[in-house]
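Below, each chain spelled out in residue letters.
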Amino acid sequence: MSDLLQTLQWRYATKKMDPTKKVAKEKIDRILEAVRLTASSSGLQQYEMFVVTNDALRQQIRAHAWNQAQVTEASHLLVFAAWDNYTAERINAMFDLVNAERGIRNEGWEAYRQQLLSTYPQRDAQTNFEHAARQAYIGLGSALIAAAEEKVDATPMEGFDPAKVDEILKLRERGLRSVILLPVGYRADEGDWLVDLKKVRRPLSQFVTEVA
């Protein structure tokens, strides 16, 4: 755990990445696997990951992401895209997958399926999207920690036009909406004003309240 804490002390939201340094595929795969294994509400995995390496597409996305250079200078651009709505098909697909993988059908599990089917699809689409988007943020946390473990820099970004990114990546056609951008790569040797600044967080005494 001490090694993990040191690694988290090392990581920061990199402002300038070296476009000549590429992250090895096996490192990207492990970061993505960490996200895949992340907890999600009801185990539904309400979002998908897009790994964008196409230069032309990343240039288009950068134009709608406040011209943040990391979008194009990073080795890979990860895009978290959440379900635009809950549907019976999506819920059933995940419950069926669990049954198939475990080789059993559990009465309590099936009752829980019916509870979700009678609740989620009846809600308005925006409420459901916002719930799905919150699950993507759980995955973002895993991605940031996994990247740090790999000594790969990562910069989470909300500063972009989701509708434009959805259009560029054709996400709406797949029932998805972009939530977070995560450029991953390696910090540049120079030119990043943030790299040498002390990491500042509130002390535990101001951050944690113990309720006995």
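Residues numbered from 1 in each chain as written. Predicted model: local features only at pLDDT ≥ 70, side-chain atom pairs only at ≥ 80, totals over all residues. Heavy atoms only, no water.

Chemist: Give a description of the pattern of salt bridges that names residues and reports values.
Modeler: All chains considered together, the criterion is met by 14 salt bridges. Linking Lys27 and Glu150 is a salt bridge whose minimum nitrogen-to-oxygen distance equals 3.2 Å. Separated by 123 residues along the polypeptide, Lys27 in helix α2 (residues 25–36) and Glu150 in the loop between α7 (125–149) and β3 (153–154) bring together distant segments of the chain. A residue is classified by how much of its surface remains accessible, and Lys27, at 21% relative accessible area, is partly exposed. Taking the shortest distance from any N to any O, the salt bridge between Glu48 and Arg174 comes out at 3.5 Å. (Salt bridge = Lys/Arg side-chain N within 4 Å of Asp/Glu carboxyl O. Helix = DSSP H or I, 4+ residues; strand = E, 2+ residues; numbered from the N terminus. Buried < 20%, exposed > 50% of the residue type's maximum accessible area, 1.4 Å probe, protein only.)

Chemist: Any chance you could break down the environment of Glu48 for me, citing the residues and the numbers?
Modeler: Here Glu48 lies in strand β1 (residues 47–52). On the basis of relative accessibility, which here comes to 31%, the residue Glu48 falls in the partly exposed class. Sequence spacing of Glu48 and Gly139 is 91 residues, and the spatial spacing of their C-alpha atoms is 9.9 Å. In contact with Glu48, not counting residues within four places along its chain, are Val79, Phe80, Ala81, Arg174 and Leu176. A distance of 3.5 Å separates polar atoms of two side chains, one belonging to Glu48 and the other to Arg174. (Contact = heavy atoms within 4.5 Å. Polar contact = N/O pair within 3.5 Å; in protein donor to acceptor, adjacent residues only side chain to side chain.)

Chemist: Go over the pairing of strand β2 (residues 76–83), please, and point to the residues and values.
Modeler: In terms of burial, β2 is a largely internal element, eight of the eight residues being buried. In this sheet, β2 lies alongside β1 in antiparallel orientation, the contact comprising six bridges. Within β2, the residue paired with Val51 across the bridge is Leu78. Where β2 lies against strand β4 (residues 176–185), eight bridges are found, and the strand directions are antiparallel. Of the residues in β4, the one forming a bridge with Ala82 is Arg177. (Pairing = 2+ DSSP bridges.)

Chemist: Which residues make up the packing of α2 against α7, and what values do they have?
Modeler: The N-to-C vectors of α2 and α7 enclose an angle of 145°; their axes lie 8 Å apart at closest approach. Crossing hand, α2 versus α7: right-handed. Of α7, the residues touching α2 (which contributes Ile31, Ala34 and Val35) are Gly139, Ser142, Ala143, Ala146 and Ala147. The residue makeup of the contact of α2 with α7, split by class, is six nonpolar, two polar and no charged. (Axes fitted to C-alpha atoms, helices over the stretch in contact; angles between N-to-C directions. Left-handed = near helix turned anticlockwise from the far one by under 90°. Nonpolar A, V, L, I, M, F, W, Y, C, P; charged D, E, K, R; others polar.)

Chemist: Break down the domain arrangement of the chain for me, with residues and values.
Modeler: Along its sequence, the chain is carved into domain 1 (3–86 + 123–206) and domain 2 (87–122). Averaged C-alpha coordinates put domain 1 and domain 2 at centres separated by 29 Å. Tallying the contact residues gives 16 residues for domain 1 and 12 residues for domain 2. Surface buried jointly by domain 1 and domain 2 totals about 1,100 Å² across both partners, of which 54% is contributed by carbon and sulfur atoms. Here domain 1 and domain 2 share one salt bridge between them. Two residues, Arg90 and Asp84, come together in a salt bridge whose shortest N-O distance is 3.2 Å. Tallied by class, the residues present in the side of domain 1 that touches domain 2 amount to four nonpolar, eight polar and four charged. (Domains from an automatic or database assignment. Buried area = accessible area lost by both parts, 1.4 Å probe.)

Chemist: Quick rundown of the sheet that holds β2? Include the residues and the values.
Modeler: Sheet architecture is open: four strands sit in the order β1-β2-β4-β3, paired in antiparallel fashion. Unpaired on one side and paired on the other, β1 and β3 mark the two borders of the sheet.

Chemist: Give a description of the packing of aromatic side chains that names residues and reports values.
Modeler: If you walk through the whole model with that rule in mind, you get six aromatic pairs. Ring plane angle 35° and centroid distance 6.2 Å describe the contact between Tyr47 and Phe80, whose orientation is recorded as tilted. Taken together, the residues Tyr47 in strand β1 and Phe80 in strand β2 connect sequence positions 33 residues apart. Taken individually, Tyr47 and Phe80 each receive the classification buried, so the pair is uniform in this respect. Judged by centre distance (6.3 Å) and plane angle (40°), the rings of Trp109 and Tyr112 are tilted. (Phe/Tyr/Trp six-rings, centres within 6.5 Å; stacked < 30°, edge-to-face > 60°.)

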